[in-house]
Protein chains: 2
Amino acid sequence: MSEAQSEGRPTIRTVAERAGVSKSLVSLVLRGSEQVRPEKREAVLRAMAELGYRPNAAARSLSEQRTRTVGVLLNDLRNPWFVDLLDGLNSLLHDNGLHMILADGRLNRRIGQDLTRPFLDLQVDGLIAVGTLPDPAALGTAAARIPVVVAGTREPVLPGVDVVANDDEHGARLATEHLIGLGHRAIAHIAGYGAVGDLRRRSFEATMHAHGLADDALVEPSDMTEEGGYRATVRLLSGPRRPTAVFAVNDIASVGALSAADELGLRVPRDLSVVGYDNTSISRLRHLWLTTVDTASHDVGRRAARCLLDRFTDPGRPAGVHLSTPTLEIRRTTAAPS
Amino acid sequence: MSEAQSEGRPTIRTVAERAGVSKSLVSLVLRGSEQVRPEKREAVLRAMAELGYRPNAAARSLSEQRTRTVGVLLNDLRNPWFVDLLDGLNSLLHDNGLHMILADGRLNRRIGQDLTRPFLDLQVDGLIAVGTLPDPAALGTAAARIPVVVAGTREPVLPGVDVVANDDEHGARLATEHLIGLGHRAIAHIAGYGAVGDLRRRSFEATMHAHGLADDALVEPSDMTEEGGYRATVRLLSGPRRPTAVFAVNDIASVGALSAADELGLRVPRDLSVVGYDNTSISRLRHLWLTTVDTASHDVGRRAARCLLDRFTDPGRPAGVHLSTPTLEIRRTTAAPS
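Residues numbered from 1 in each chain as written. Chains lettered and ligands numbered in written order. Predicted model: local features only at pLDDT ≥ 70, side-chain atom pairs only at ≥ 80, totals over all residues. Heavy atoms only, no water.

1. Structural notes on the pairing of strand E4 (residues 148-151) of chain A
- A two-sided burial pattern is seen for E4(A), the buried positions comprising Val148(A) and Val150(A) on one face and Val149(A) and Ala151(A) on the other.
- Taking the sense of rotation as the criterion, the β-α-β connection linking strand E3 (residues 126-130) of chain A, helix H9 (residues 136-143) of chain A and E4(A) turns out right-handed. (Buried < 20%, exposed > 50% of the residue type's maximum accessible area, 1.4 Å probe, protein only. Helix = DSSP H or I, 4+ residues; strand = E, 2+ residues; numbered from the N terminus. Right-handed = clockwise from strand over helix to strand, strands pointing away.)

Shown next, in the form of structure tokens:
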């Protein structure tokens, strides 16, 4: 590399200077060492982002060291929202001679493990993070070494990391306008957390506001589980202003809402309409047949695979946020208020 | 190795002679080559089994080549029966410094891929096959190279491969006797396939016979999916002898049974009792609250991990079938016939 190039292009040395740490500490971060303290690691990652530092991933991807394997980090195997996304991912990766191996973020989280570490140790060619993961910094470290794509969620936003997801604002608007269109006024949202939870909640509130229903909008927080949806619905239905419709942040929480209605003697959809989000296999159980937002997961998966393949050939390409358009699946759990 | 030892202990040469193939073909099988025709591969695996051939896995596990990673092959990510089993596996593997990576057999099956190949290429230390996989021969090939354990199913039975599962005969008897004890006579079984399906069906039939109800036992085949359970139940409820209770081969098929009853205007459990198998998260949805057989999956997972760890230290130890005792979870879908 010529002197001119090294001036124009960030190196480990310039990253170390910017972060106020040693070159060897930057190397440790690049190798994903667990011996680096979080605040140091974050300083290094911030410096890399600010300088636009990229390791020479192109050289790596052209070498014979490739394992032809892509690691997929799932956030929680118990919620089957990711199944179609994996199908979409797999279809394109397989066409390009790549195998997919998976890890369950929930299991790793419980044991306090860096999620990306086993995959990096096995020298996977790339990583796809599916859903919201607990440790964004670890993803940044991985992204400094191999191509990384975030799919099915909106965070973390990291330099050189494409984000592929459904348009949560659009989806939440579809769900809310469906309920408003049926004639509901007192509508509750069972909210979630993280970037996805925030986007869906804000869109619900904005849509209610746009229809002059800001005062009729109720928001009840949840942990995005079935139990959380159940408890939020019990609170809503026991409160002073009982809603006639509930839009939940995901299908699992909606199932909890259905159970709560059932136990309180309310019939769905006659006494309470319920809309979910994700169009999971659970929502498609004939016994539930839940109205929900389809997140175009297969499409999200295919586009995430496309982003990864593109980054193999051009590691320096700018990263972006790619949104698929969700649609509403109207099933049995919504109707006009009685 | 002395001449005496080589006589007593099978080698690649003696395996090749027994199988009537070349030594290089045996090597190809050991390397998991896809260029070996299935009948040749089976002949080699049979010869290995007959001779008790074991590659020197002990030497391998003690070398520095260990990745400290265990590959877990899941049969189908869409059916969440394996979640507790993974928890059990992970708890013990993690205590021993091992990471778990996963692959979805359904995705690989669709593309005609040898399931074990990516894991072998990544040089995992061991493999755990969870649930019934489509290609037992591939598992045999893997087992000739690294420790392999089969968990949550009863097949394949291979030399040097422990099988850890729940006692399907006992579980099916519990379910059937529960229905008989409630007063049901005309009881139907929605059957599955494979070793597990056969064991559950035969135990249902034997239990009915033991209670003098052989003539009241109905068996309807299914593909073990929700849709399959739905169609089997529609056939049963439209037939000449309508059963008052259904015991399905798994929870997913039971959910189909619940939907079929619902659509035909029958109330569960008043008009029809339904029992599932697996105690999945789906059966625990408050909205379903399905009576089912708990397969002690966490225990199965822990024991499978134990078997793998034991085989790391003693690759030549005899393999066995280890059965955990299932229990009945009585919930909302079973009652006395009205």
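2. Regarding the interface of chain B and chain A
- The interface of chain B with chain A comprises 38 residues on the first partner and 38 residues on the second.
- Taken together, both faces of the contact between chain B and chain A bury some 3700 Å²; the carbon and sulfur share is 62%.
- Summed over the three residues of chain B that lose the most area to chain A, namely Leu122(B), Arg286(B) and His287(B), the buried surface amounts to 20% of that side.
- Joining chain B to chain A, the criterion identifies 4 salt bridges.
- In this assembly, chain B and chain A are joined by 7 residue pairs in polar contact (both at pLDDT 80 or more).
- Elements that contribute at least two residues to the side of chain B that touches chain A include exactly helix H6 (83-95), strand E2 (99-104), helix H7 (105-110), helix H8 (117-121), helix H12 (226-238) and helix H13 (251-263) of chain B. (Contact = heavy atoms within 4.5 Å. Buried area = accessible area lost by both parts, 1.4 Å probe. Salt bridge = Lys/Arg side-chain N within 4 Å of Asp/Glu carboxyl O. Polar contact = N/O pair within 3.5 Å; in protein donor to acceptor, adjacent residues only side chain to side chain.)

3. Let's talk about the packing of aromatic side chains
- Using the criterion set out here, one finds 4 aromatic pairs over all chains in the structure.
- With centroids separated by 6.4 Å and ring planes inclined at 85°, the aromatic side chains of Trp81(A) and Phe82(A) adopt a geometry described as edge-to-face. Phe82(A) shares its class with Trp81(A); the two are buried.
- For Arg200(B), the ring lying beneath its charged end belongs to Tyr277(B), and the centroid distance is 3.6 Å.
- Above the ring of Tyr230(A), the side-chain terminus of Arg286(B) is found at 3.5 Å from the ring centroid. (Phe/Tyr/Trp six-rings, centres within 6.5 Å; stacked < 30°, edge-to-face > 60°. Lys NZ or Arg CZ within 6 Å of the ring centre and 35° of its normal.)

4. Considerations on the sheet that holds strand E9 (residues 273-275) of chain A
All names here are of chain A.
- If you walk across this open sheet you meet the 4 strands as E7-E6-E8-E9, and the pairing is parallel. Either end of the sheet is taken by a strand with one partner, and the two such strands are strand E7 (217-221) and E9. This sheet shows a mean twist of 20° between the axes of neighbouring strands, independent of strand direction.
- Bridge count between strand E6 (residues 187-191) and E7: 5 bridges; the pairing is parallel. The partner of isoleucine 187 across the bridge, within E7, is alanine 217.
- Against the sheet, helix H10 (residues 168-181) makes contact with E6, strand E8 (245-248) and E9, and its axis sits at roughly 170° relative to E8, the strand it touches most. (Pairing = 2+ DSSP bridges. Axes fitted to C-alpha atoms, helices over the stretch in contact; angles between N-to-C directions.)

5. Brief notes about the pattern of salt bridges
- If you walk through the whole model with that rule in mind, you get 44 salt bridges over all chains.
- For Arg286(B), the salt bridge goes to Glu263(A), with nearest N and O atoms at 3.7 Å. Taken together, the residues Arg286(B) in the loop between strand E9 (273-275) and strand E10 (292-294) and Glu263(A) in helix H13 (residues 251-263) connect one chain to another.
- Two residues, Arg331(B) and Glu329(B), come together in a salt bridge whose shortest N-O distance is 3.6 Å.
- Here the salt bridges share partners, and the residues they tie into one network are Asp162(A), Arg306(A), Asp310(A), Arg311(A) and Arg317(A).

6. A look at the relation of the copies chain B and chain A
- Between chain B and chain A, which share one sequence, the superposing operator has a rotation angle of 180° and an axial displacement of 0.0 Å; the RMSD is 0.1 Å. In the structure described here, the two chain copies are related by an operation that fits a two-fold rotation axis. Judged by C-alpha distance, Leu102(B) is the residue of chain B that lies nearest the rotation axis, at 2.3 Å.
- Of all interface residues in chain B, 100% are interface residues in chain A too; the two copies therefore contact each other through one and the same surface. (Least-squares fit on C-alpha atoms with pLDDT ≥ 70 in both.)

7. Here's the deal with the domain arrangement of chain A
- As assigned here, chain A comprises domain 1 (3-55), domain 2 (69-166 + 296-322) and domain 3 (168-295).
- Between domain 1 of chain A and domain 3 of chain A, the C-alpha centre-to-centre distance is 45 Å. (Domains from an automatic or database assignment.)

8. A look at the side chain of Ser222(A)
Residues and elements named next belong to chain A.
- Secondary-structure assignment places serine 222 in the loop between E7 and helix H12 (226-238).
- Note on serine 222: relative accessible area 14%, which makes it buried.
- A polar contact of 2.8 Å, which involves the side chain of serine 222, links it to the backbone oxygen of alanine 191.
- Separated by 3.1 Å, the side chain of serine 222 and the backbone nitrogen of methionine 224 make a polar contact.
- Excluding anything up to four places from it in sequence, serine 222 contacts Ile190, Ala191, Gly192, Tyr193, Gly228 and Val249.

9. A few points about unusual backbone geometry
- The step from Glu155(B) to Pro156(B) runs through a cis peptide bond, and the omega angle for that step is -5°.
- Among the structural elements, Pro156(B) can be located in the loop between strand E4 (148-151) and strand E5 (162-166).
- The residue after Val268(B), namely Pro269(B), is reached through a cis peptide bond having omega 5°.
- Non-glycine residue Gln123(A) carries a positive phi angle of around 60°.

10. Examining the environment of Val196(B)
All names here are of chain B.
- Mapped onto the secondary structure, valine 196 falls in helix H11 (residues 194-210).
- In sequence terms valine 196 and proline 269 are 73 residues apart; their C-alpha atoms lie 27 Å from each other.
- Excluding residues within four positions of it along the chain, valine 196 makes contact with Thr153, Arg154 and Asp168.

11. A few points about the packing of helix H2 (residues 12-19) of chain A against helix H4 (residues 38-51) of chain A
Residues and elements named next belong to chain A.
- Orientation of H2 relative to H4, taken along the N-to-C sense of each, is 120°, at an axis distance of 8 Å. The angle between H2 and H4 places the two elements in the oblique class. Of the two possible hands of crossing, H2 and H4 adopt the one that is right-handed. Side by side, H2 and H4 meet where Thr14, Val15, Arg18 and Ala19 of the first sit next to Ala43, Val44, Ala47, Met48, Glu50 and Leu51 of the second.
- Taken together, the residues of the contact of H2 with H4 break down into 7 nonpolar, 1 polar and 2 charged. (Parallel < 35°, antiparallel > 145°, perpendicular 65-115°, else oblique. Left-handed = near helix turned anticlockwise from the far one by under 90°. Nonpolar A, V, L, I, M, F, W, Y, C, P; charged D, E, K, R; others polar.)

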